[in-house]
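# A closer look at the structure
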Amino acid sequence: DTAVSQTPKYLVTQMGNDKSIKCEQNLGHDTMYWYKQDSKKFLKIMFSYNNKELIINETVPNRFSPKSPDKAHLNLHINSLELGDSAVYFCASSLGGGYTEAFFGQGTRLTVV
Amino acid sequence: GENVEQHPSTLSVQEGDSAVIKCTYSDSASNYFPWYKQELGKGPQLIIDIRSNVGEKKDQRIAVTLNKTAKHFSLHITETQPEDSAVYFCAARVPWGGYNKLIFGAGTRLAVHP
């Protein structure tokens, strides 16, 4: 049983396209996150949701829109993809907003060509 | 502002040796410090964490120390094995608008040679 699962694992797309990444957790956690990891492995938070409510939006372009239909799911939709969006995107979850024992998904490698 | 510095960026050791990774944080309100291990093609995995009311924590071959006064915390891996090879991230939890954020260090690529 995968605790935090993301789909797809790989995504190659052309500039200007719109794409979505899905995330689901079966841990019963009420807080979920999206992180971006750049080519130098630097991890930076993008969004945080608590019980379907957006609590952190870390100056991410409007082209990125997270959606949480329920507390077990947090999807990321990206409009008008740019070359600079190429990165690995990680979904994570934790019990409460304290980050204690945050679990990460396996990542989605997005390549924009 | 919020910042976590991590050193070294790469570390190469012989199997059986010890490895030490050091981090410094800037926000004195930080009170929780997890360490993550990221293997190739996988997501970061929590390996050990420490809270600000504790100075040291140990779990088998790994240990973490925290010096709140100096705002330093370190990861110690003893008797390293090839499977310890990975990228290690330190992080500090900082309060943010009634919630929390995790600020990550830049990572340390550890290579353990047989």
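These lines cover the structure that appears in this document, whether it is placed above or below. (Residues numbered from 1 in each chain as written. Chains lettered and ligands numbered in written order. Predicted model: local features only at pLDDT ≥ 70, side-chain atom pairs only at ≥ 80, totals over all residues. Heavy atoms only, no water.)

Attention now goes to the state of the cysteines. Residue and element names in this part refer to chain B. The full count for this structure, using the stated rule, is 2 disulfides over all chains. There is a disulfide in this structure between Cys23 and Cys90, and the S-S distance comes to 1.9 Å. Disulfide Cys23-Cys90: the torsion about the S-S bond is -100°, which places it as left-handed. Of this pair, Cys23 sits in strand β3 (residues 19–25) while Cys90 sits in strand β9 (residues 86–96); the two residues are 67 residues apart in sequence, bridging distant segments of the chain. Take Cys90: its relative accessible area is 0%, and that puts it in the buried class. (Disulfide = S-S within 2.5 Å. Helix = DSSP H or I, 4+ residues; strand = E, 2+ residues; numbered from the N terminus. Buried < 20%, exposed > 50% of the residue type's maximum accessible area, 1.4 Å probe, protein only.)

Time to look at the sheet that holds strand β7 (residues 64–70) of chain A. All names here are of chain A. Read from one edge of the open sheet, 4 strands run β1-β3-β8-β7, paired in antiparallel fashion. Unpaired on one side and paired on the other, β1 (4–7) and β7 mark the two borders of the sheet. Pairwise comparison of adjacent strand axes, ignoring direction, gives a mean angle of 20° for this sheet. In the sheet, β1 pairs with strand β3 (residues 19–25) via 4 bridges, with the strands oriented antiparallel. Among the inter-strand pairings, Val4 is bridged to a residue of β3, identified as Gln25. (Pairing = 2+ DSSP bridges. Axes fitted to C-alpha atoms, helices over the stretch in contact; angles between N-to-C directions.)

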